[in-house]
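Structural overview
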Amino acid sequence: MRNLKMAILTLMACAAVTVQAQTKDVKLLAQPVRPLPLIYSVDLVKDEVTGEESAIYPSTENAWIKDTVWVENVPLQTDLSFMKEGQELVKALRDHSNNNPYTFGYWRLTEEGDETVLHCYLWMPRDVLTNIWLASEETAILDKETGIQYRAKRTVPECWKKHFGVKAPRGSLLDFQIYFPRLPKATRKIAIYGVPGWGMRGLDVKLKRSGKQVEKYDAAPQLQAPRLVREANNYDKDNHSSWAIYTDPHLIKPVEGENVMALWRTPEATYIATAHEQNWMREYYGFHPDARLIDERGNRYKLKEVQGLPSDDIFWMEGNSGDYLAYVSVFEPLPLDVETIDYIVPDGEPFEMWGANWEGETLRDLSVQELRANQPLFKYHKRQVVEE
């Protein structure tokens with residue numbers, strides 16, 4: 001089962017979602033930040049008389065509802081073009097679901113006429129699927145800026161506050177719909193509650209709106225590059241005497257917390273400054289040449305260089321204990337419409353050194369705007385020393 005899950009997740013990780021309105025009066029408001037469906041393992045029940053199998057949807061914390069009703073006329077989503085490689089995903093699930101069946105869910109929020117519609121998609125792993133829960137009086141959209149709540153008013157098909165089952169051809173993608181009052185055009189940030197089967201228990205969502213402020217590029221940061229004191233001498237990661245030595249890095253005022261970063265976007269590159277606390281007068285650092293950024297659509301941006309420093313060797317930095325300094329990594333350029341990124345640095349190779357540590361790190365869902373707002377934190381701060 002572990003190998004199956006890894007195979008499915010590997011396939012999914014390559015997927016990027018492209019959503020287009022099917023009709024002119026339908027406007028896309030939101031889709032998952034991460035273009036990956038929710039994968040669930042389902043249980044099978046076999047009819048001893050007919051031999052037919054039905055699937056049971058995972059518990060959505062409503063087990064106290066014992067009776068299951070049947071719903072009919074569930075809309076089907078036959079066009080999977082909104083999910084790149086959707087056909088391949090369905091095929092992978094179908095091929096591996098004989099003994100360990102899986103289903104997946106996905107959602108889109110749209111504006112349709114005078115209503116807001118949450119489309120909750122669910123893939124049928126068998127011809128019969130039971131134990132489904134969609135919506136109730138708890139289902140609502142909260143405007144995070146005004147505090148106004150927009151309560152759900154109906155569902156298609158009619159399954160309001162019901163545990164239910166559905167019969168549909170195996171491999172079908174069902175389109176359950178929850179209807180809300182139309183959200184004002186000024187609404188930008190919302191949270192969706194009361195749809196547990198699709199992971200919505202206060203899920204934060206940013207809406208796509210026309211008339212959005214046009215984003216602009218930044219000027220490239222002018223951070224001081226460290227000065228080389230001694231070049232590497234027959235570099236050997238296990239011989240610290242062979243490492244290059246640098247000094248005079250870009251100093252900044254002390255910052256609070258870990259992983260403090262700032263971001264600048266230009267048409268040519270993306271600059272990310274990272275803050276570091278110097279604990280010793282000589283301290284070693286290392287960068288990984290395979291560091292990368294991944295945006296919310298799954299696109300990757302490679303590391304081009306680390307300004308003034310090696311991007312693949314360990315090196316010494318000389319300074320004062322108590323210094324706060326900044327290094328600048330240069331990545332491939334981000335499009336202006338990218339809102340969130342993952343910052344990923346793989347583990348470095350083990351090396352011989354007291355306290356040796358070259359662990360990688362993964363920082364998820366970093367807001368581009370919040371990182372840009374950190375730019376003032378990286379203004380140069382001259383070291384001040386009092387000795388008497």
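Above this note sits the structure.
Residues numbered from 1 in each chain as written. Predicted model: local features only at pLDDT ≥ 70, side-chain atom pairs only at ≥ 80, totals over all residues. Heavy atoms only, no water.

1. Examining the overall build of the protein chain
Looking only at helices and strands, the protein chain has 3 helices and 27 strands in total. Burial analysis of the protein chain (388 residues in total) assigns 47% to the buried set. Counting contacts in the protein chain only where the partners sit at least 6 residues apart, residues at least 24 apart contribute 74% of the total. Of the roughly 21,000 Å² that the protein chain leaves accessible, carbon and sulfur atoms contribute 48%. (Helix = DSSP H or I, 4+ residues; strand = E, 2+ residues; numbered from the N terminus. Buried < 20%, exposed > 50% of the residue type's maximum accessible area, 1.4 Å probe, protein only. Contact = heavy atoms within 4.5 Å. Areas by Shrake-Rupley, 256 points an atom, 1.4 Å probe, with all protein chains shown as cover.)

2. A closer look at the environment of Val-330
Residue placement: Val-330 occurs in strand S25 (residues 324–331). Placed 58 residues apart in sequence, Val-330 and Ile-272 show a C-alpha to C-alpha distance of 6.5 Å. In contact with Val-330, not counting residues within four places along its chain, are Ala-269, Thr-270, Tyr-271, Lys-302, Leu-303, Lys-304, Glu-305 and Gln-307.

3. A closer look at the side chain of Asp-323
Assignment of secondary structure puts Asp-323 in the loop between strand S24 (315–318) and S25. A distance of 2.8 Å separates the side chain of Asp-323 from the backbone nitrogen of Asn-320, its partner in a polar contact. Here Arg-383 takes part through its side chain, which lies 2.6 Å from a polar atom of the side chain of Asp-323. The residues contacting Asp-323, other than those within four sequence positions of it, are Leu-251, His-276, Glu-277, Gln-278 and Arg-383. (Polar contact = N/O pair within 3.5 Å; in protein donor to acceptor, adjacent residues only side chain to side chain.)

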